[in-house]
Amino acid sequence: MARLTTAPSVPAAAWGAEWHENRHEEPMSDRTAIEWTDKTWNPWHGCTKVSAGCDHCYMFREKRMYGQDPEVVARSKTKFRDPLKWEAELAPLGQRKLVFTCSWSDWFHKDADPWRDEAWAIINQTPHLTYQILTKRPGRIARHLPADWGEGYQNVWLGVSCESDDVRHRVTQLADIPARVRFVSAEPLIAPLMLAGIFGDLQYHRAIHWLIIGGESGGPERREMKLNWARDLINQCRDFDVAPFVKQLGGPINAKRGDPAEWPEDLRVREWPAGYEVSHVA
Ligand code: SF4
């Protein structure tokens, strides 16, 4: 399948300054502390665990706190159509926002099959929002794209979580899907991760554009990310023109080490995919 090839990544400071300055002035609900997005959208919530990266899923923790069953996937009664409201606010201003989609579920979870087409239609009607769809179920992507997907919607980034080499196959599954931007989230990074073999494989040349790196946050059960694992991933990105974004180093919930100013200098890396500019409809 045809793949987008991109120029080398650009430092965050070099683009979208206006857009980023706005992110902290966001008056609307659904603001988020996640460093690589502006908003979250959960048209459904609830999920089931599929790999070690799910072991300490925050959604499970939060839902249980509210007395809800986290394994029941339910359509949101109040949030499903929120992007239409955001689009109406952003379009007259000519502003754009990034939207992390399904932070409390998985976009491609089978229990959401009845609602996904309606959600795709909303994405199609909201060009001032760029959706970051991150899944641990890439084997379901190809069968559940909209009929007019083509080479990928302009305003959708597709990504997979990859916490260790055990689930590295997710990256090659993603690489075979047409998309404007493809990304990998190595968070929580729980073991050394070797992606250079995939990045360097001619079959997957420049198929992956962006890599998020993060340690696990949470209680005493959290698993430590060795700083050298993060360094190694940054180096793999450098060799193959993938943009690295170090999100946090991991730690207790309120001390997850998310401030780059406190990190070793070589880990202060937050870049964005060069395809960002082409992923929006002006
Ligand atoms: S796929 Fe994501 S939302 Fe679902 S259980 Fe795993 S970590 Fe939680």
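Student: Would you mind going over the sheet that holds strand E8 (residues 181-186) with me for this structure?
Tutor: For sheets, the rule is that strands pair by backbone hydrogen bonds, running either parallel or antiparallel. If you walk across this open sheet you meet the seven strands as E2-E5-E6-E7-E8-E9-E10, and the pairing is parallel. Looking at which strands have only one partner, the edges of the open sheet turn out to be strand E2 (39-41) and strand E10 (243-248). Direction aside, the axes of adjacent strands within the sheet are offset by 25 degrees on average. Packed on one face of the sheet, helix H7 (residues 227-239) meets E8, strand E9 (210-214) and E10 and runs near 160 degrees to E10.

Student: Which parts of the structure should I look at to understand H7?
Tutor: Side chains that are three or four residues apart share a direction in an α-helix, a result of its 3.6 residues per turn. Between its terminal C-alpha atoms H7 stretches 19 Å, which fits the 18 Å expected from 13 residues at 1.5 Å a residue. Taken together, the buried positions of H7 are occupied by Ala230, Leu233, Gln236 and Cys237. Down the axis of H7, the smallest arc covering the buried residues is 120 degrees, so these residues share one side. Projecting away from the buried face of H7 at angles above 90 degrees are the exposed residues Asn228, Asn235 and Asp239. Buried residues along H7 sit in contact with E8, helix H6 (196-199), E9 and E10.

Student: What exactly am I supposed to notice about the pairing of E8 here?
Tutor: Of all the six residues making up E8, six are buried; the element is thus mostly covered by neighbouring parts of the structure. Here E8 shows two buried faces, one formed by Val181, Phe183 and Ser185 and the other by Arg182, Val184 and Ala186. Pairing of strand E7 (residues 156-161) with E8 involves five bridges; the strand directions are parallel. Bridging across to E8, serine 161 finds its partner in serine 185. Taking the sense of rotation as the criterion, the β-α-β connection linking E7, helix H5 (residues 169-175) and E8 turns out right-handed. In terms of strand pairing, E8 meets E9 through four bridges, oriented parallel. Across the sheet, the residue bridging to valine 184 is leucine 211, located in E9.

Student: Just to check I follow, could you spell out helix H4 (residues 113-124) for this structure?
Tutor: Helix length check: H4, at 12 residues, gives a terminal C-alpha distance of 18 Å against a target of 16 Å (1.5 Å per residue), a fit within 8%. Here H4 has its buried residues at Ala119, Trp120 and Ile123. For H4, the angular spread of the buried residues around the axis is 110 degrees, confining them to a single face. Exposed residues lying more than 90 degrees from the buried face of H4 are Pro114, Asp117, Glu118 and Ala121. Against strand E6 (129-135) and E7 lie the buried residues of H4.

Student: Explain the pairing of E6 here, please?
Tutor: Two faces, one strand: in a regular strand the side chains alternate between the faces of the sheet. Within E6, seven of the seven residues are buried, which leaves the element mostly enclosed by the surrounding structure. Residues Leu129, Tyr131, Ile133 and Thr135 of E6 are buried on one face, and the alternating residues Thr130, Gln132 and Leu134, pointing to the opposite face, are buried as well. With five bridges connecting them, strand E5 (residues 97-101) and E6 associate as parallel partners. In the strand pairing of E6, leucine 98 is matched with threonine 130. Note on the crossover from E5 through H4 to E6: the handedness is right-handed. Two elements, E6 and E7, share five bridges in a ladder whose sense is parallel. Bridge pairing in E7 links threonine 135 to valine 160.

Student: Would you mind going over unusual backbone geometry with me for this structure?
Tutor: Most of the time, phi is negative for any residue but glycine, and the peptide bond is trans. With an omega of 0 degrees, the peptide bond running from glutamate 187 to proline 188 counts as cis. Topologically, proline 188 is positioned in the loop between E8 and H6. Unlike most non-glycine residues, cysteine 102 shows phi in positive territory, near 70 degrees. Assignment of secondary structure puts cysteine 102 in the loop between E5 and H4. In this structure cysteine 102 comes out as buried when scored by C-beta crowding, with 24 C-beta atoms within 10 Å. In the Ramachandran plot, aspartate 241 falls in the positive-phi region, its phi being about 55 degrees despite a non-glycine side chain. Relative to the assigned elements, aspartate 241 resides in the loop between H7 and E10.

Definitions and limits used
Residues numbered from 1 in each chain as written. Predicted model: local features only at pLDDT ≥ 70, side-chain atom pairs only at ≥ 80, totals over all residues. Pairing = 2+ DSSP bridges. Helix = DSSP H or I, 4+ residues; strand = E, 2+ residues; numbered from the N terminus. Axes fitted to C-alpha atoms, helices over the stretch in contact; angles between N-to-C directions. Contact = placed C-beta atoms within 7 Å. Expected span 1.5 Å × (residues − 1). Buried ≥ 20, exposed ≤ 12 C-beta atoms within 10 Å, placed from the backbone. Arc of directions from axis to C-beta. Right-handed = clockwise from strand over helix to strand, strands pointing away.

All we've got here are geometric facts, nothing functional implied.
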